[in-house]
Amino acid sequence: MKTKLLIICLLFVPLLSWGVDMISPINFNPTSTNKNKVISFIKYNVKETYSRIGMDSESTLRMMEEEELRCFKELTKVQDINLLKRVKRQYCNIGMCTYSTILMMYNEEVRASKKNLEW
């Protein structure tokens with residue numbers, strides 16, 4: 001059940017914006033202050049996003065906060081920064097700008113770049 005809810009939320013609730021206040025994972029400096037900024041940003045935006053659609057139970061909020069933080073941490077470790085910037089730009093421009101969406105689509109782009117069409 002938890003996995004299904006997470007998938008539904010990741011696919012159908014990409015309402016966060018990678019705007020002025022969103023902390024970029026690119027060249028992130030993991031100081032205590034910066035970590036607290038990321039946590040504050042995630043908590044605020046998850047609450048705002050899920051409250052808009054009536055899914056603001058404490059369990060949902062904590063689950064999505066944890067998922068966003070996990071994705072942020074993974075995004076700080078990506079190898080292809082130019083690809084990450086391109087994916088970020090593409091999905092943020094269409095309103096699908098969450099750390100989880102960006103990570104998912106970055107990983108899909110990496111996988112797709114290693115494939116070739118074969119008969």
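Residues numbered from 1 in each chain as written. Predicted model: local features only at pLDDT ≥ 70, side-chain atom pairs only at ≥ 80, totals over all residues. Heavy atoms only, no water.

**Here's the deal with the layout of surface pockets**
The gaps left among the atoms become clear once a water-sized probe is rolled over them. Applied cut-off: Residues are said to line a cavity or pocket when one of their atoms sits within 4 Å of a point; the points come from a 1 Å grid over protein atoms alone, cavities being sets where a 1.4 Å probe fits but cannot get out and pockets being open sets with protein on both sides within 12 Å along at least five of seven lines. Grid points are joined across faces, edges and corners, and a volume is the space filled by probe spheres set on the points. A run of H or I in DSSP becomes a helix once it reaches four residues, and a run of E becomes a strand once it reaches two; helices and strands are each numbered from the N terminus. Classes in brief: Ala, Val, Leu, Ile, Met, Phe, Trp, Tyr, Cys and Pro nonpolar; Asp, Glu, Lys and Arg charged; the others, Gly included, polar.
Size it by volume and the largest pocket reaches roughly 170 Å³. Mapped onto the lining of the largest pocket, the elements with two or more residues apiece are helix 2 (32–52) and helix 3 (58–75). Here the residues of the lining of the largest pocket are counted per class, giving six nonpolar, one polar and two charged.

**Topic: the environment of E58**
Worth spelling out the cut-off: Contacts described as polar in this section are N or O atom pairs within 3.5 Å, which, within protein, must combine one atom able to donate a hydrogen with one able to accept it, while residues neighboring in sequence count only if both atoms come from side chains.
Locating E58 in the fold gives a position in helix 3. A C-alpha to C-alpha distance of 9.4 Å links E58 and K47, two positions 11 residues apart in sequence. A polar atom in the side chain of E58 sits 2.4 Å from the side chain of R62.

**Thoughts on the confidence of the model for the chain**
Under the convention used in this document: Per-residue confidence from the prediction method is given by pLDDT, with values spanning 0 to 100. Whether two residues are in contact is decided by their heavy atoms, any of which lying within 4.5 Å being enough.
When pLDDT is averaged along the chain, the result is 86; 82% of the residues meet or exceed 70. The least confident element of the chain is helix 1 (residues 2–12), whose mean pLDDT is 52; the most confident is helix 3, at 97. Overall, residues 10–20 carries pLDDT values under 50, and its contacts beyond four positions in sequence, including any with other chains, amount to 33 contacts.

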